[in-house]
Amino acid sequence: MSLSFQKYQGLGNDFLLLDNRQQPTLLLSPQEARHWCDRHFGVGADGVIFLLAGTGHCDYQMRMYNADGSVAEMCGNGIRCLAKFIFELEGRTHGETVSYRIDTLAGVMVPHIEADGQVTVDMGTPQLLAQQIPTTLTAPDAKVIEVPLTVADRPWLVTCVSMGNPHCVTFVEDVAAIPLETLGPLFEHHGVFPQRTNTEFVQVLGGDRLRMRVWERGAGMTLACGTGACATVVAAVLTGRLNADAAGQAQATVELPGGDLHIRWDLHSQHLYMTGPAVAVFRGTLHTQ
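What you see is a predicted model, and the numbers here were worked out from it, not measured in a lab.

(A) Examining helix α4 (residues 226-238) more closely. Its 13 residues give α4 an end-to-end C-alpha distance of 19 Å, which sits within 8% of 18 Å, the value for a rise of 1.5 Å per residue. Of all 13 residues making up α4, 12 are buried, and the element is well covered by its neighbours. Within α4, burial applies to Gly226, Thr227, Gly228, Ala229, Cys230, Ala231, Thr232, Val233, Val234, Ala235, Ala236 and Val237. Once α4 finishes, glycine 240 follows within two positions and takes phi at roughly 80°, a positive value.

(B) Expanded view of the pattern of salt bridges. Tallied over the entire structure, the rule returns 15 salt bridges. A salt bridge links aspartate 19 to arginine 21; its shortest N-O distance comes to 2.8 Å. For aspartate 19, a relative accessible area of 29% gives the class partly exposed. The exposure class of arginine 21 is partly exposed, given its relative accessible area of 30%. The closest approach of N and O atoms between arginine 283 and glutamate 88, which form a salt bridge, is 2.6 Å. Of the two residues, arginine 283 is situated in strand β18 (residues 279-287) and glutamate 88 in helix α2 (residues 76-89); the sequence distance between them amounts to 195 residues. Since its relative accessible area comes to 58%, arginine 283 is described here as exposed. A relative accessible area of 32% means that glutamate 88 is categorised as partly exposed.

(C) Seen up close, the packing of aromatic side chains. Inspection of every chain in the model, using the stated rule, returns seven aromatic pairs. Considering the side-chain rings of phenylalanine 187 and phenylalanine 201, the 5.5 Å spacing of their centres and the 90° angle between planes classify their relative orientation as edge-to-face. With a gap of 14 residues between them, phenylalanine 187 in helix α3 (residues 180-188) and phenylalanine 201 in strand β12 (residues 198-206) connect regions that are remote in the sequence. Residue classification places phenylalanine 187 among the buried positions, given a relative accessible area of 0%.

(D) Examining the pairing of strand β15 (residues 249-256) more closely. Burial of β15 is extensive: seven of the eight residues sit out of reach of the surface. Two strands pair when backbone bridges link them, and strand β13 (residues 209-216) and β15 are joined in this way by three bridges, in the parallel orientation. Following the sheet pairing, arginine 211 is matched in β15 by glutamate 255. Taken together, the eight bridges between β15 and strand β16 (residues 259-266) define a ladder with antiparallel strand orientation. In the sheet register, glutamine 249 faces β16, and the bridge partner there is aspartate 266.

(E) Main features of empty space enclosed by the protein. Scanning all chains against the criterion turns up one cavity of 30 Å³ or more. Estimated volume of the largest cavity: approximately 100 Å³. Broken down by class, the residue content of the lining of the largest cavity amounts to five nonpolar, five polar and three charged.

Rules of the game
Residues numbered from 1 in each chain as written. Predicted model: local features only at pLDDT ≥ 70, side-chain atom pairs only at ≥ 80, totals over all residues. Heavy atoms only, no water. Helix = DSSP H or I, 4+ residues; strand = E, 2+ residues; numbered from the N terminus. Expected span 1.5 Å × (residues − 1). Buried < 20%, exposed > 50% of the residue type's maximum accessible area, 1.4 Å probe, protein only. Salt bridge = Lys/Arg side-chain N within 4 Å of Asp/Glu carboxyl O. Phe/Tyr/Trp six-rings, centres within 6.5 Å; stacked < 30°, edge-to-face > 60°. Pairing = 2+ DSSP bridges. 1 Å grid on protein atoms, 1.4 Å probe; cavity = no way out; pocket = protein on both sides within 12 Å on 5 of 7 lines; lining within 4 Å. Points joined across faces, edges and corners; volume = space filled by probe spheres on them. Nonpolar A, V, L, I, M, F, W, Y, C, P; charged D, E, K, R; others polar.

In structure tokens:
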């Protein structure tokens, strides 16, 4: 069987996009997704995203496999790419603005394509209680703010946030000095995270700029992570490293290896808004068994 796909990237976080609107079951199995994400034997990607038909309360549905074939509840860079994919499928032209309500396993997300091609996504509200993340670092109904965690025989102060998927954020003096490929898997699979975790190492640059490197659950070291950038801004506010303005808006530019994301946390509504690019790379055909 042959399946058409498009490849998109958001700040170097790359995905295979498949139009799955004609049937409710996913066009690829987890094993097939893992194969096609392989950068030597497949196309190469950080994940596979499926566009499904909408339901009564949303325009479309998004489902996703990580590069290892595991299910991802949501992906910030991925949903921006999906919005651009929909934009093209609908035959829209550059300069139009449009919003979509997209059902994900983390709830309904609303990406808005701006006239300049950037995509702003209402990422919803962060979940901060240990049982919501989930983690056993504190009592289930307590927040996890700069709680000690020992990894690789070293104590780290971690702040945990769920953006529909789990994140563990730790602030460091120099993110470039972090051996991410060594530490990332140790955080991801630590026993205090029953569903594993994404891990963000963050350096405060001053003002409203944060530098972040990420180890993504199920994908490993990636060039960008949208939900991780949102979790980083939340953690920066909770730990007093980032302040809100007089209007109750906490805003930061998060520098990632693949480029910058702008994150705004409205402390009145508690909603987070992420703005960044999504770019089509190429289209092709998958030949499945």
